[in-house]
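Residue-level structure breakdown
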Amino acid sequence: MRSKTLQTILQAIYQWFRAHDGEWPDFDTIERWLDRNRQIDAVQAIKQVPHELLKPLRYIDGRPEPGGKLILTAEGVARCVASDDDIRNLERALQWMAQESRDYDPPPGRAGSGAPITPRQLANELHLPLISEPSSIQRLIALLRAEDLVSSYEYS
């Protein structure tokens, strides 16, 4: 795949993600956009995006599932224009979560689980603007989930 096509796909996914407050687009949405605006065959192009950049998709009859979410990895997001703030927030969250995890003793039966966190707690620790830009915390949580760094138990 040409690097320009790869960059176009990553950027289209990331722009949707930012515009929709941390919600990942589904395949149909990006397929329509790529076809309409770039005349790119999304089925063939998406198959060639490395899993280091895009989480694996479920396929039905050789096509990505229409409603399947296109979820970029942190590395995929980092390759996108205007993603510096999201990557910086992710790095800061990882540092803070590592410290919290070192200081956390899980309850019986939950060995190996991380410290419970809330969006407000994470936003406060990282000084994210909940009022002026509430989507920054939503995008951060989506990135943490995409990297399998939080579970529903830990994120309460």
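For the structure itself, consult the block above.
Now for a description of the structure that goes with this document. Not measured: the values here are computed from a predicted model. (Residues numbered from 1 in each chain as written. Predicted model: local features only at pLDDT ≥ 70, side-chain atom pairs only at ≥ 80, totals over all residues. Heavy atoms only, no water.)

1. Details of the pattern of salt bridges
Per the counting criterion, the structure on display carries ten salt bridges. Each of Arg18, Asp85, Asp86, Glu133 and Arg139 takes part in salt bridges that share partners, so that together they form one network. (Salt bridge = Lys/Arg side-chain N within 4 Å of Asp/Glu carboxyl O.)

2. Focus on unusual backbone geometry
Residues other than glycine seldom take positive phi values, yet glutamine 39 does so here, at roughly 50°. Here glutamine 39 lies in the loop between helix H2 (27-38) and helix H3 (42-47). Looking at glutamine 39, the relative accessible area reads 61%, which means it is exposed. (Helix = DSSP H or I, 4+ residues; strand = E, 2+ residues; numbered from the N terminus. Buried < 20%, exposed > 50% of the residue type's maximum accessible area, 1.4 Å probe, protein only.)

3. Concerning the packing of helix H1 (residues 3-19) against H2
Closest axis-to-axis distance for the H1/H2 pair is 11 Å, and the angle between their directions is 125°. With respect to each other, H1 and H2 are oriented oblique. Handedness of the crossing formed by H1 with H2: right-handed. On H2, the residues that touch Thr8, Ile9, Ala12, Ile13 and Trp16 of H1 are Thr29, Ile30, Trp33, Leu34 and Arg38. Looking at side-chain class alone, the contact of H1 with H2 contains seven nonpolar, two polar and one charged residues. (Axes fitted to C-alpha atoms, helices over the stretch in contact; angles between N-to-C directions. Parallel < 35°, antiparallel > 145°, perpendicular 65-115°, else oblique. Left-handed = near helix turned anticlockwise from the far one by under 90°. Contact = heavy atoms within 4.5 Å. Nonpolar A, V, L, I, M, F, W, Y, C, P; charged D, E, K, R; others polar.)

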